[in-house]
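# Observations on the three-dimensional arrangement
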Amino acid sequence: MLDGILQGLGTALLPVNLMMVVLGCFVGTFIGMLPGLGPVTAIALMIPITYGLDPSSGIILMAGVYYGAIFGGSTSSILINAPGCSATVVTAFDGYPLARKGQAGKALAIAAYASFTGGTLSAIMLMVAAPLLAKVSLSFQSADYFALMVLGLSAVAAFAGKGQVLKALIMALFGIMISTIGIDRSVGVDRFTFGLPDLRDGFSFLLLAMATFALAEILMAVLRPGKDNSEEEAKQMQQLGSLKLSKEEVKEIAPPIARSSVLGFLIGVLPGAGATIAAFMAYGAERNIAGKKHQDQFGKGSLRGLAAPEAANNAASTGSFVPLLTLGIPGSGTTALILGALVAYGIQPGPRLFMEHPDVFWSVIISMYLGNVVLLVLNLPLIPYLAKVLAVPRPVLIPMVLLFSLTGVYLVSFNTMDIHVMTLVALIAIGLRLLTFPMAPMLLGFILGGMLEDNLRRALVINDGSLSFLWERPITLAFTLITLTMLLIPLWQWWQARKEPKGTPVTDH
């Protein structure tokens, strides 16, 4: 292992490979900032360039683009509420409210620090534990994945406001229902397509995210009455605010960043999970374990709510290299493209990659350390310039965001039907917002819906239709018990609140 690390260090520190790290981080960050594009688009653009490169240089470039796009995707989420990629949707929940309060600089700085820490910690874990974690991820079966997805859905209360748990559950179910639209992958039958061929592929997550956040926000800004308030808010938003964090703020975000980095990495290791699920789960976990005072701040500009998903999504993007490099199993669409590039080089990822191509394996891991430093150095000085997006007058900014949103969704499928669906979803989202239904649970239900259905079906087939798998496998049983605990805690809190004397007046600040 030590020989491999030294060989990887020598390869990663070659001038050409250092240049690839910087180039990958810069291109990834830039493309990640554009709403709707994200790492898959960024890597797809890089594939023709990598053909003429050495395998190590090519994969280092692609890895740099991958975590650069995740790193940069938070910028548009925070500044204009238009997620750069699906993994940074959760960043908008608290990042955008902070920008509206005139603290855009602080929000971007926290995102940069959390991303750097998450990426660096996961790179260390990747180096130390990759072979061991590959065996663990292989031991996961359909029953375990199903229980993990249910556990993820049980965190839906974290995305609900006070007294809105029922609304959050309704929206999560709505998201699961939307995920069933399209061709049933196991039988090959159309479901809920209403005879429209364009709906056979279902909806893309990006379409829903852009419709419910960016487009709905634009339409709300146009329709929202009260010019005076919007002018005051615009003036406040144009303030960059301080980039410095106080000691208290550092103490507040340090534990969530550490916990979310580990959680994000472990979720990234599981084939098929990915950075988006990691960000949602980290956000849910942090809100559930936060104290009452901090819980109320989530969704309104919480520093913890911003730091946790940013650490988790960067850690997961690094963690996704574990199944890719050690098993040859891509954990996401992005790593599937990288797998294709490795195969094109004549390199077969898997257990023998350590021995046959140690230079490629270890140089990619070493480059991740260097890449995270490059990203931090690249992004922090740019914050004052990036925040100037907020100084753009609203009559100019709104059409720009609209253009980016529609273009981003169209470039995914090149299908005009998606634009019509996006507009319809945005109008529905506005109606639901006015009725105070939270949007995040719908996105969580949509993400987990497909995996939930596929793994439940497989588990039932393996167990001859019996639900006994829920308690027969130790991993599944552990996840099931944690889920039951998380669902019972809100009921217990509600029961305790009912038992308290009603004479004490409650003030809402």
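Residues numbered from 1 in each chain as written. Predicted model: local features only at pLDDT ≥ 70, side-chain atom pairs only at ≥ 80, totals over all residues. Heavy atoms only, no water.

As recorded in an unreviewed UniProt entry, the chain goes by the name Tripartite tricarboxylate transporter permease, listed as coming from Aeromonas bivalvium.

### Concerning the overall build of the chain
Regarding its fold elements, the chain presents 24 helices and two strands. Taken across its 509 residues, the chain has 54% of its residues classed as buried. Within the chain, contacts between residues at least 6 apart in sequence are counted, and of these 80% link residues at least 24 apart. Summed over its atoms, the accessible surface of the chain is roughly 22500 Å², and 69% of this surface lies on carbon and sulfur atoms. (Helix = DSSP H or I, 4+ residues; strand = E, 2+ residues; numbered from the N terminus. Buried < 20%, exposed > 50% of the residue type's maximum accessible area, 1.4 Å probe, protein only. Contact = heavy atoms within 4.5 Å. Areas by Shrake-Rupley, 256 points an atom, 1.4 Å probe, with all protein chains shown as cover.)

### Re the packing of aromatic side chains
In the structure shown here, the tally under the stated rule is five aromatic pairs. Taking the centre distance of 6.1 Å and the plane angle of 45 degrees together, the rings of Tyr66 and Phe321 count as tilted. Taken as a pair, Tyr66 in helix H4 (residues 55–80) and Phe321 in helix H15 (residues 321–327) lie far apart in primary sequence, 255 residues in all. In terms of burial, Tyr66 and Phe321 fall into one category: buried. (Phe/Tyr/Trp six-rings, centres within 6.5 Å; stacked < 30°, edge-to-face > 60°.)

### Describing the environment of Ser86
By secondary structure assignment, the location of Ser86 is in the loop between H4 and helix H5 (91–100). Spatially, the C-alpha atoms of Ser86 and Leu208 are 9.8 Å apart, while their sequence positions differ by 122 residues. Not counting residues up to four positions away in its chain, the partners in contact with Ser86 are Phe205 and Thr276.

### Quick look at helix H18 (residues 358–379)
For H18, with 22 residues, the first-to-last C-alpha span of 31 Å sits near the 32 Å given by 1.5 Å per residue. For H18, a buried count of 16 out of 22 residues is recorded, marking the element as mostly surrounded by other parts of the structure. (Expected span 1.5 Å × (residues − 1).)

### A short note on the side chain of Ser74
Of note, Ser74 is situated in helix H4. Once residues within four sequence positions are removed from consideration, Ser74 is found in contact with Thr88, Thr91, Ala111 and Glu310.

### Topic: the pattern of salt bridges
Scanning all chains against the criterion turns up nine salt bridges. Notably, a salt bridge pairs Glu249 with Lys106, separated by 2.7 Å at the nearest N-O pair. Pair noted here: Glu249 is in helix H11 (residues 247–269) and Lys106 is in helix H6 (residues 104–139), with a separation of 143 residues, a long-range link. Taking the relative accessible area as the measure of exposure, Lys106 reaches 13% and is therefore buried. Three or more residues are tied together by salt bridges with common partners; here these are Asp184, Arg191, Glu453 and Arg457. (Salt bridge = Lys/Arg side-chain N within 4 Å of Asp/Glu carboxyl O.)

### What to know about unusual backbone geometry
We note that Phe192 has phi near 55 degrees; this positive angle belongs to a residue other than glycine. Note on placement: Phe192 falls in the loop between strand S2 (190–191) and helix H9 (205–223). A relative accessible area of 53% places Phe192 in the exposed class.

### Digging into the environment of Pro97
Position of Pro97 relative to the elements: it lies in helix H5. When the C-alpha positions of Pro97 and Ala107 are compared, they lie 9.4 Å apart, and in sequence the two are 10 residues distant. Sequence-distant contacts of Pro97, defined by excluding residues within four places in its chain, comprise Ala92, Gly299, Lys300 and Gly301.

### Observations regarding the environment of Tyr67
The residue Tyr67 is located in helix H4 in this model. What makes Tyr67 buried here is its relative accessible area of 3%. It is 9.7 Å that separates the C-alpha atoms of Tyr67 and Ala316, two residues lying 249 residues apart in sequence.

### Focus: the packing of helix H2 (residues 15–33) against H4
One can describe the packing of H2 onto H4 by two numbers: an axis separation of 6 Å at closest approach and a directional angle of 30 degrees. Comparing their axes, H4 and H2 come out roughly parallel. Both H2 and H4 take part in a crossing whose hand is right-handed. Of the residues belonging to the contact of H2 with H4, the class tally is 11 nonpolar, 13 polar and no charged. (Axes fitted to C-alpha atoms, helices over the stretch in contact; angles between N-to-C directions. Parallel < 35°, antiparallel > 145°, perpendicular 65-115°, else oblique. Left-handed = near helix turned anticlockwise from the far one by under 90°. Nonpolar A, V, L, I, M, F, W, Y, C, P; charged D, E, K, R; others polar.)

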